[in-house]
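# Per-entry structural report
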Amino acid sequence: MPDDVRAATPGGARPENATGLPIELLRRFDVPGPRYTSYPTADRFVEAFGPADYLRALRQRAEGATVGGKTPLSLYVHIPFCESVCYYCACNKVITRQHGRAVEYLEALRAEIQLHADAFGAPQVVSQLHFGGGTPTFLSDEELGGLMADIGKAFRIAPGAEVSIEVDPRTVSAARLEALRRMGFNRVSFGVQDFDPEVQKAVHRVQSFEMVRDLMLDARRLGFESINVDLIYGLPKQTPSSFARTVAQVSELRPDRIALYAYAHLPQRFKPQRRIDAEQLPPPEDRVAMLSGAIDGFLAHGYTYIGMDHFALAGDSLAAAKRQGRLHRNFQGYSTQPDCDLVGLGVSAIGRMGATYSQNAKTLPEYYDAIRQGQFPVVRGLALTRDDLLRRAVIMALMCQGRLEFESVELAYLVNVREYFRTELAELEPFAEQGLVTIEPAAVQVTAPGWFFVRAIAMVFDKHLRADKVRERFSRII
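These remarks concern the structure in this document. (Residues numbered from 1 in each chain as written. Predicted model: local features only at pLDDT ≥ 70, side-chain atom pairs only at ≥ 80, totals over all residues. Heavy atoms only, no water.)

## As for the overall build of the protein chain
The number of helices and strands found in the protein chain is 19 helices and 19 strands. A compact globule built from 478 residues would reach a C-alpha radius of gyration of about 23 Å, and the protein chain, at 22 Å, matches this within 12%. In terms of its C-alpha atoms, the protein chain occupies a principal-axis envelope of roughly 60 × 55 × 40 Å. The burial tally for the protein chain puts 57% of its 478 residues in the buried class. The contacts in the protein chain between residues at least 6 apart in sequence include a share of 74% that link residues at least 24 apart. With 56 positive and 57 negative side-chain charges, the protein chain shows a separation of 1 Å between the mean positions of the two kinds. (Helix = DSSP H or I, 4+ residues; strand = E, 2+ residues; numbered from the N terminus. Rg over C-alpha atoms; globule rule 2.2 N^0.38 Å. Buried < 20%, exposed > 50% of the residue type's maximum accessible area, 1.4 Å probe, protein only. Contact = heavy atoms within 4.5 Å. Lys, Arg positive; Asp, Glu negative; His and termini not counted. Charge placed at Lys NZ, Arg CZ, Asp CG, Glu CD.)

## Section: the side chain of Arg257
In this fold, Arg257 is placed in strand S8 (residues 257-262). Of the residues examined, Arg257 reaches a relative accessible area of 12% and is grouped as buried. A distance of 2.9 Å separates polar atoms of two side chains, one belonging to Arg257 and the other to Ser317. With residues up to four places along the chain from it excluded, the contact list for Arg257 reads Glu162, Arg187, Ser226, Ile227, Asn228, Val229, Phe311, Ala312, Asp316, Ser317, Leu318 and Thr336. (Polar contact = N/O pair within 3.5 Å; in protein donor to acceptor, adjacent residues only side chain to side chain.)

## Topic: helix H9 (residues 240-253)
An ideal rise of 1.5 Å per residue puts 20 Å on 14 residues; H9 measures up with 20 Å between its terminal C-alpha atoms. Those residues of H9 that sit buried are Ser242, Phe243, Thr246, Val247, Val250, Ser251 and Leu253. Structurally, H9 contributes buried residues whose contacts are with strand S6 (187-193), helix H8 (209-221), strand S7 (226-233), S8 and helix H10 (284-300). Looking one or two residues beyond H9, the residue adopting positive phi is Arg254, at roughly 60°. (Expected span 1.5 Å × (residues − 1).)

## Focus on the packing of aromatic side chains
Throughout the structure, instances matching the rule amount to 16 aromatic pairs. With 5.1 Å between their ring centres and 35° between their planes, Tyr305 and Phe311 make a pair best called tilted. The exposure class assigned to Phe311 is buried, which follows from its relative accessible area of 0%. With a centroid separation of 5.4 Å and an interplanar angle of 75°, the aromatic rings of Phe421 and Phe461 are classed as edge-to-face. Separated by 40 residues along the polypeptide, Phe421 in the loop between helix H15 (417-420) and helix H16 (422-427) and Phe461 in the loop between helix H18 (454-459) and helix H19 (463-467) bring together distant segments of the chain. By relative accessible area, Phe461 is classed as buried at 1%. Grouped by ring-pair contacts, the aromatic residues Phe81, Tyr105, Phe138, Tyr367 and Tyr368 constitute a single cluster. Over the ring of Tyr334 we find Arg329, and its NZ or CZ is 4.5 Å from the ring centre. (Phe/Tyr/Trp six-rings, centres within 6.5 Å; stacked < 30°, edge-to-face > 60°. Lys NZ or Arg CZ within 6 Å of the ring centre and 35° of its normal.)

## Digging into the sheet that holds strand S17 (residues 403-405)
Here we have 3 strands laid out as an open sheet, ordered S17-S19-S18, and antiparallel in their pairing. Two strands lie at the open edges of the sheet, namely S17 and strand S18 (437-440), each paired on one side alone. Averaged over all pairs of adjacent strands, the angle between their axes in this sheet comes to 10°, without regard to strand direction. Bridging between S17 and strand S19 (residues 443-446) involves 3 bridges; their strand directions are antiparallel. From the neighbouring strand, Leu404 faces S19, where its bridge partner is Val444. Each of S17 and S19 touches helix H13 (residues 386-401); the most contacted strand, S17, lies at about 135° to it. (Pairing = 2+ DSSP bridges. Axes fitted to C-alpha atoms, helices over the stretch in contact; angles between N-to-C directions.)

## So, helix H5 (residues 141-154)
The first and last C-alpha atoms of H5 sit 20 Å apart over 14 residues, in line with the 20 Å expected at 1.5 Å per residue. On its buried face, H5 is in contact with strand S1 (73-79), helix H4 (101-120), strand S4 (124-133), strand S5 (155-167) and helix H6 (174-183).

## Let's talk about unusual backbone geometry
Following Tyr39, the chain continues to Pro40 via a peptide bond in cis, the omega torsion being -5°. In this structure, Pro40 sits in the loop between helix H2 (23-29) and helix H3 (51-67). Following Gly133, the chain continues to Gly134 via a peptide bond in cis, the omega torsion being 20°. One non-glycine residue with positive phi stands out, namely Leu414, at about 55°. Considering the arrangement of structural elements, one finds Leu414 in the loop between helix H14 (406-413) and H15.

## Topic: the pattern of salt bridges
On inspection of all chains with the given rule, the structure shows 22 salt bridges. Note that Arg221 and Asp218 form a salt bridge whose closest N and O atoms lie 3.5 Å from each other. You can see Arg221 and its partner Asp218 sitting in helix H8, 3 residues apart, about one turn around the helix. For the salt bridge of Asp387 with Arg391, the shortest nitrogen-to-oxygen distance reads 2.9 Å. (Salt bridge = Lys/Arg side-chain N within 4 Å of Asp/Glu carboxyl O.)

## With respect to the nonpolar core
Buried together is how nonpolar side chains tend to be arranged in soluble globular proteins. If you look at the biggest cluster of nonpolar residues, it comprises 129 residues, and the most contacted ones within it are Phe131 and Phe461. Here this core gets 10 residues from one element, more than from any other, and that element is H4. Excluding its chain neighbours within four sequence positions, the residues that come into contact with Phe461 are Tyr39, Arg391, Val394, Ile395, Leu398, Leu404, Phe421, Glu424, Leu425 and Leu428. Cys86, Tyr88, Ile232 and Ile276 belong to the second largest nonpolar core, which has 12 residues in total. (Core = buried A, V, L, I, M, F, W, Y, C linked by side-chain atoms within 4.5 Å.)

## Digging into the pairing of strand S13 (residues 341-345)
With 5 of its 5 residues buried, S13 lies for the most part within the structure. Covered by surrounding structure in S13 are Asp341, Val343 and Leu345 together with Leu342 and Gly344, the residues of both alternating faces. As paired strands, S1 and S13 are joined by 5 bridges and run parallel to one another. For Tyr76, the partnering residue across the bridge sits in S13 and is Gly344.

See below:
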């Protein structure tokens, strides 16, 4: 664990490795729960929130920007197409080798972009643009370049903006990376998941270490400012020792950022996962050993532990935000963008505008139908209450900083934290007894072992989850 978190633990102590955590502790707190990329979580969105509500939120932002100064805006563009299915994947995707299917989708995206331009009136300044999927590089260079040009006409990309794209290493070459760089992309994220050949075969995603290594060298030569690698632990046939080899190989490549996700096996929700043999999945104690070993391995190679699922080199902006207490969390995970409004473009994309969340239609026919009618394809969302905003601040403080300072919350929301959250603070006592949190007179501090269970700690403050005990739709915490 990082030094600042380790110091917060009584005596600076922590288990030498994950197997030092008692198995009964794992069984008690390794429960299904949200990842809290938002609060309330997306499963709380309602169909009563529709296109008219979203348009109202956009216009309120436009009016506020002219009166109260300009606030950051992020754009997320979802490209759902993939040529082949990865069995672990829970993303919204369309599996096809027919690249012509992208033509209709790009036309719809252009129309959705124009709807936003019309609603805002004046071009909004964008400080962060991210292409995700699916596989964004399913699109040709010409198609991606045209889409970037359309975005550039409707929005103003700020100097120094983070412009990133998710890349399947199997779909790109040095020439394609060079084309992406010319389009304005300055950050690239490679989906690696695991380098072990047997694990790759088990999840139907085979790509060699050498392929990824060469692409990363090309990306650095081309001047990409930040390179991210995505990993997943908990996949079939993974073991603590095999995953340690992947951690060592990734550390050798020296990406600027590493995202380390826990595999969520929910075959009842995600059809491709039914092809995974559940008997080959590692047990909870091995999953914790993989997480602990990865944390220790990356720290030993000079990475900063950002929290839960992110690491960054000391010179990266994410590590600087962590040190300075400016870390935030959004639908892409940890971020440097402060309370940023987010426009989600494309099928299933989620947005955040002011005190609202919204989500687009999840299927292409439904998405296309809304666009043809000249409407925003928003099919559900949520207008946050004052209580939602308060609890979001509490949960994000725990998830991002590992510490909840009562005074800052009380000043911002004019509440007495000990009174307002009397029940929740009482429910933290079992975590305190196990050494997972320290409850101070004016703060709650997550300890080093507690970082393994920070989602469970945050869940205590989730009012919606407290009212709904059905949690099987979420992944397990470890």
